[in-house]
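# Chains, contacts and geometry: an overview
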Amino acid sequence: MESITAVKGFKDVLPPETDKWRQIEMTAHEVFSTFGFKEIRIPLIEKTELFCRSIGETTDIVEKEMYTFIDRGEESLTLRPEATASVIRAYLEHALHAAEAVTKLYTIGPMFRRERPQKGRYRQFHQIDAEILGPDDPRTDAELILMLIHFLGKLGLRNLNLEINSLGCAQCRPAFREAIISFLRGREEDLCGDCRRRLSANPLRVFDCKVETCAEIVALAPLLPDFLCGECRGHFEKVQACLSLFDRPFRLNAKMVRGLDYYTRTTFEVTSEFLGAQNAVVGGGRYDHLVRDLGGPDIAGIGFAIGFERLAAMIPQGVADAAVQGPVLFIAALGERALETAFLLCNRLRMKSIRVEMDHTGRSLKSQMKRADKLKSRYTLILGDREISGNKAVLRTMQTSTQEEIGLDCLEETIIELAR
Ligand code: HAM
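The following refers to the structure shown. These numbers were taken from a predicted model, which means no experiment stands behind them.

Taken together, 27 residues lie around the ligand, and Glu82, Glu115, Tyr122, Arg258 and Tyr263 are the ones closest in. Alanine 280 places a polar main-chain atom, nitrogen or oxygen, 2.9 Å from an oxygen atom of the ligand. Glycine 307 is positioned such that a nitrogen or oxygen atom in its backbone is 3.4 Å from an oxygen atom of the ligand. Coverage of the ligand by the protein amounts to 96% of the 660 Å² it exposes when considered alone.

Below you can see the structure in the form of structure tokens.
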């Protein structure tokens with residue numbers, strides 16, 4: 001019978017890769033809580049409208065990439081393509097804004113986008129997402145970016161590129177919109193079908209287009225930072241000054257518009273050449289009207305999402321291996337009585353949180369010793385029916401290959417002592 005494989009673009013994460021993932025998650029919990037963030041867990045499925053209203057109807061994500069279905073003929077639901085919209089939905093639904101003026105939330109989990117799979121791009125991928133709701137001052141932007149850089153640094157990633165831009169606000173966008181529309185109108189026949197359609201609906205999205213001729217046109221287009229109003233310019237300059245205050249190098253990238261409609265003012269990405277074509281490991285930015293657009297009060301926000309798979313690909317497996325410990329003890333039991341005694345001892349030690357392994361099949365001593373070695377056990381206890389009759393067992397220290405006899409009566413205490 002033909003075997004069933006995973007769905008295209010959906011991948012398994014296997015050990016020891018999962019050790020690395022856990023290490024990354026633990027570092028995120030530790031660093032984010034130091035910066036005052038609390039974890040939030042949100043559903044994988046939301047009403048489709050949530051993403052249409054937040055990410056934007058004319059973005060690639062909403063137009064082409066969402067997994068949307070009608071639930072039993074009742075309502076349109078979507079597997080979340082990102083976390084920000086869901087975090088805001090939960091923030092409003094549970095009136096978290098009423099409880100405190102500043103809310104810092106983070107979440108880790110799978111997202112779904114029906115993109116063309118390739119190295120570093122999947123249809124189910126994971127994000128580490130952090131959001132700050134409340135303040136709109138530039139120091140908050142810098143604080144969030146500094147947390148991100150600190151987190152990446154803790155994972156050993158130091159030479160990454162930080163690119164920043166400002167997308168302005170409702171004041172400065174109209175002038176830019178006009179300039180870009182009149183620039184693109186003159187070149188309309190050279191644009192792809194999608195861009196022609198987006199030209200009047202959402203001209204900023206032309207910057208996202210991957211078609212070569214569109215990219216060539218966009219390379220000469222007017223740039224948003226040249227249209228910033230006084231307040232946005234001041235805000236952006238202050239973000240840069242703060243980053244410099246902390247000696248955090250960055251590059252200005254006036255063409256970075258990000259692929260989601262909700263952004264205002266500061267946007268940023270972290271990239272690495274190491275990743276090849278899909279080089280963005282982090283994307284983020286400010287969204288000062290999203291909470292209002294989703295039906296809440298006028299509360300500002302800023303956040304980022306780290307692509308888990310891309311992050312993990314940059315971290316050598318050895319980093320996680322060092323943190324993963326093998327068992328303290330492997331019990332090699334030979335014979336029926338020995339197997340039973342070993343099983344009892346194994347369970348008693350595990351109840352005391354000591355990592356113990358054994359083999360229930362009573363295979364040869366040689367193959368059991370091989371397994372103990374493979375598991376990187378610190379000690380191996382050799383227990384045969386003969387040893388049990390003599391009320392003793394042999395304890396082998398794996399690193400030095402030395403062994404000694406120990407009495408069965410004090411076995412448990414000895415192992416507990418060794419495990420300390
Ligand atoms: P985004 O740029 O769409 O932003 O995604 C953030 C990161 O998720 C990307 O930089 C990339 O590392 C990873 N990523 C995205 N799509 C894929 C994929 N198909 N396969 C693998 N990795 C992928 C957002 O999602 C915003 N919600 C970020 C944000 C939070 N802005 C404010 N708050």
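With that settled, the discussion passes to the state of the cysteines. Tallied over the entire structure, the rule returns 0 disulfides. Cysteine cysteine 242 shares no disulfide, and the gap to the nearest cysteine sulfur, in cysteine 232, comes to 16 Å. Overall, cysteine 242 belongs to the buried group, its relative accessible area being 6%.

Here we come to the layout of surface pockets. Space inside the second largest pocket adds up to approximately 460 Å³. Lining the second largest pocket are 24 residues; nearest its centre among them are Arg173, Asn202, Asp261, Tyr262 and Tyr263. Elements that contribute at least two residues to the lining of the second largest pocket include exactly α2 (48–54), α7 (173–185) and α11 (290–293). Looking at the lining of the second largest pocket, the element that brings in the most residues is α7, giving 4 residues. Looking at side-chain class alone, the lining of the second largest pocket contains 11 nonpolar, 6 polar and 7 charged residues.

Strand order in the open sheet formed by 8 strands is β1-β5-β6-β11-β10-β9-β7-β8, and the pairing between neighbours is mixed. Both outer strands of the open sheet, β1 (38–39) and β8 (251–252), are each paired with one neighbouring strand and no more. Of the strand pairs in this sheet, strand β7 (residues 161–166) and β8 are connected by 2 bridges, and their pairing is parallel. In the strand pairing of β8, isoleucine 164 is matched with leucine 252. In this fold helix α6 (residues 138–154) packs onto β5 (103–112), β6 (124–134), β7, β9 (264–271), β10 (280–286) and β11 (300–307), with an angle of close to 15 degrees to the strand it touches most, β11.

Residue position: valine 87 is located in helix α4 (residues 84–93). Judged by relative accessible area, which is 1%, valine 87 ranks as buried. Considering only alpha carbons, one finds valine 87 and lysine 38, 49 residues apart in sequence, at a separation of 12 Å. With sequence-adjacent residues up to four places away left out, valine 87 is seen in contact with Ile40, Ile42, Leu105, Thr107, Asp129 and Glu131.

Together, Leu44, Ile45 and Phe69 give the surface a local cluster of nonpolar side chains, amounting to about 230 Å² of exposed area. Inspection of the secondary structure puts leucine 44 in the loop between β1 and β2 (45–47). For leucine 44, a relative accessible area of 37% gives the class partly exposed.

What counts and what doesn't
Residues numbered from 1 in each chain as written. Predicted model: local features only at pLDDT ≥ 70, side-chain atom pairs only at ≥ 80, totals over all residues. Heavy atoms only, no water. Near = heavy atom within 4 Å. Polar contact = N/O pair within 3.5 Å; in protein donor to acceptor, adjacent residues only side chain to side chain. Areas by Shrake-Rupley, 256 points an atom, 1.4 Å probe, with all protein chains shown as cover. Disulfide = S-S within 2.5 Å. Buried < 20%, exposed > 50% of the residue type's maximum accessible area, 1.4 Å probe, protein only. 1 Å grid on protein atoms, 1.4 Å probe; cavity = no way out; pocket = protein on both sides within 12 Å on 5 of 7 lines; lining within 4 Å. Points joined across faces, edges and corners; volume = space filled by probe spheres on them. Helix = DSSP H or I, 4+ residues; strand = E, 2+ residues; numbered from the N terminus. Nonpolar A, V, L, I, M, F, W, Y, C, P; charged D, E, K, R; others polar. Pairing = 2+ DSSP bridges. Contact = heavy atoms within 4.5 Å. Axes fitted to C-alpha atoms, helices over the stretch in contact; angles between N-to-C directions. Patch = residues over 30% accessible without salt bridge, like charges linked within 9 Å, V, L, I, M, F, W, Y side chains within 5 Å. Salt bridge = Lys/Arg side-chain N within 4 Å of Asp/Glu carboxyl O.

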